[in-house]
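Descriptive structure summary
Now for the letters of each chain:
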Amino acid sequence: MASSETALAAGHKARGLAPFVRSQMRNIAPFLTLIFLSAFFAFASPSFATLDNLGNILTQVSVTGIIAVGLTFVILCAEIDLSIASIANVTGIAVAYFTLQESYVNIASVPLPGAAAILLSILLCALLGLVNALGLTVIGIPSFIMTLAMMQIAAGISALLVRGQIAYKVPDLIATLGSGSIGGIPWIVIVAAVMLLGGHLVLTYTRFGRYVYMVGGNREAAEYSGLNVKLILGAVMVISAVCSGIGGMLGVAHFGSAQQNEFDTYLLDSIAAVVVGGTSLFGGRGGIGNTIVGLFVLGVLNNGLDHVNIDSFLKILIRGLILLAALIINVYAQRLREKAAE
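Residues numbered from 1 in each chain as written. Predicted model: local features only at pLDDT ≥ 70, side-chain atom pairs only at ≥ 80, totals over all residues. Heavy atoms only, no water.

Here we look at the packing of aromatic side chains
Counted by the stated rule, this structure contains nine aromatic pairs. Relative to Phe40, the ring of Phe36 has its centre 6.4 Å away and its plane inclined at 20 degrees; by these criteria the two rings are stacked. Of this pair, Phe36 and Phe40 both sit in helix 2 (residues 25–44), separated by four residues, roughly a single helical turn. Ring geometry for Phe40 versus Phe41: centroids 5.2 Å apart, planes at 70 degrees, classification edge-to-face. What makes Phe40 partly exposed here is its relative accessible area of 42%. On the basis of relative accessibility, which here comes to 3%, the residue Phe41 falls in the buried class. Here the aromatic cluster, defined as three or more aromatic residues joined through ring pairs, consists of Phe36, Phe40, Phe41 and Phe48. (Phe/Tyr/Trp six-rings, centres within 6.5 Å; stacked < 30°, edge-to-face > 60°. Helix = DSSP H or I, 4+ residues; strand = E, 2+ residues; numbered from the N terminus. Buried < 20%, exposed > 50% of the residue type's maximum accessible area, 1.4 Å probe, protein only.)

Set out below in structure tokens:
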């Protein structure tokens, strides 16, 4: 009798566990992927599992992490921003354009004091984000199309500013934060960590953060509850642009130059970090914690593939397959969620 009751209780527990696992698949899968990749590369290359290499990984994902903070807000609202890389690029070029360059740099720059150069560059990226916001919320252009147009606009501004040339000098503060370090820790890693933490605190503990989840989870219900949905959508587009601009300025200092198309790869990297980490493309599920896991998955993958000396073309294919797997899990998790709600 006791054994049958125990078996029955175990059966109920198992049935209760299965729905939980299914509902958390979007969070569990990226974490398991990170563990698997870390174990595999640690076994395949003795130089991978070292503190120095961990520092390399953190540095390598820092710019992506800064940009991905703002993109997380956008995707949580079930929108997309395809202009993040171009805005990062134009902001990085702008901060160099407003800085006095060496005589051999053939750019008609407009030198300003460092603080003014930084402020104008941030205002520029905020303005571009505001244009995205107005296009989305006032005119009603879908975010995919609006930010696709902005991607070209920002790329055009970049081209006009540098005209195919390369600038090198940036304000001292940006140079320090982008390429300096304190106590052996790169400043760019610290800035990325602070911005990720700030994004997490906003999304988790503020009214605005709750509104972001409400808009992404059920936009109609948010409107019926009296929430100004257009204002929230516009705000996340501006946040995304400003985060991209900060990433662009620090990235230019980190790379040591400002030039056209310098940040093109960061569009896919940032989207992948958010999506691979488990934030739902359909909005309302995920957050900065998921983005951090996604950043580590991409960082470990890219760094680990370099350590095992794999073909560079195969590396691109593997990254694409990882992203595809994340998208499949994302869609499958959404279907399970909709099925459970029926």
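From this point, the discussion proceeds with the structure in view.
Here's the deal with the UniProt feature "transmembrane region" (unreviewed entry) in the protein
Under the UniProt annotation, "transmembrane region" (unreviewed entry) lies at residues 31–51, 57–75, 82–100, 112–131, 143–164, 184–206, 227–251 and 313–333. The distance from the first to the last C-alpha atom of residues 82–100 is 31 Å, and the span holds 74% helix and 0% strand. The span residues 143–164 is 91% helical and 0% strand by assignment, and the distance between its end C-alpha atoms comes to 29 Å. (UniProt positions renumbered as here; feature names shortened; annotations may be inferred.)

A few points about unusual backbone geometry
One non-glycine residue with positive phi stands out, namely Arg163, at about 50 degrees. Locating Arg163 in the fold gives a position in the loop between helix 6 (143–162) and helix 7 (172–179). Look at Arg163 and you get exposed, because its relative accessible area is 63%.

Concerning the nonpolar core
In this structure, Ile174, Val212 and Val215 are the most contacted members of the largest nonpolar core, which totals 79 residues. For this core, the element with the highest residue contribution is helix 3 (residues 51–76), accounting for twelve residues. With residues up to four places along the chain from it excluded, the contact list for Ile174 reads Val95, Ile118, Met249, Leu250 and Ala253. In this structure, Ile87, Cys125, Met150 and Ala154 belong to the second largest nonpolar core, which totals seven residues. (Core = buried A, V, L, I, M, F, W, Y, C linked by side-chain atoms within 4.5 Å. Contact = heavy atoms within 4.5 Å.)

A short note on the packing of helix 3 against helix 8 (residues 187–205)
Remark: helix 3 packs on helix 8, axes separated minimally by 8 Å, with the N-to-C direction vectors making an angle of 20 degrees. The pairing of helix 3 with helix 8 is recorded here as roughly parallel in orientation. Considering the relative orientation of helix 3 and helix 8, their crossing is left-handed. Across from Leu58, Thr59, Ser62, Val63, Gly65, Ile66, Val69, Thr72, Phe73 and Leu76 in helix 3, the residues of helix 8 making contact are Ile188, Val189, Val191, Ala192, Met195, Leu196, Gly199, Val202 and Leu203. Class assignment of the residues belonging to the contact of helix 3 with helix 8 gives a composition of 14 nonpolar, five polar and no charged. (Axes fitted to C-alpha atoms, helices over the stretch in contact; angles between N-to-C directions. Parallel < 35°, antiparallel > 145°, perpendicular 65-115°, else oblique. Left-handed = near helix turned anticlockwise from the far one by under 90°. Nonpolar A, V, L, I, M, F, W, Y, C, P; charged D, E, K, R; others polar.)

Points about helix 6
Given a rise of 1.5 Å per residue, 20 residues ought to cover 28 Å, and the 28 Å separating the end C-alpha atoms of helix 6 matches this to within 8%. Restricting attention to buried positions, one finds in helix 6 the residues Ser143, Met146, Thr147, Met150, Ala154, Ser158, Leu161 and Val162. For helix 6, the arc enclosing every buried residue in end-on projection is 120 degrees, short of the 170-degree limit, so these residues lie on one face. Residues of helix 6 that are exposed and point more than 90 degrees away from the buried face comprise Gln152 and Leu160. Elements that come into contact with the buried residues of helix 6 comprise helix 4 (84–97), helix 5 (114–139) and helix 11 (229–255). Positioned one or two residues after helix 6, Arg163 has a phi angle of 50 degrees, which is positive. (Expected span 1.5 Å × (residues − 1). Arc of directions from axis to C-beta.)

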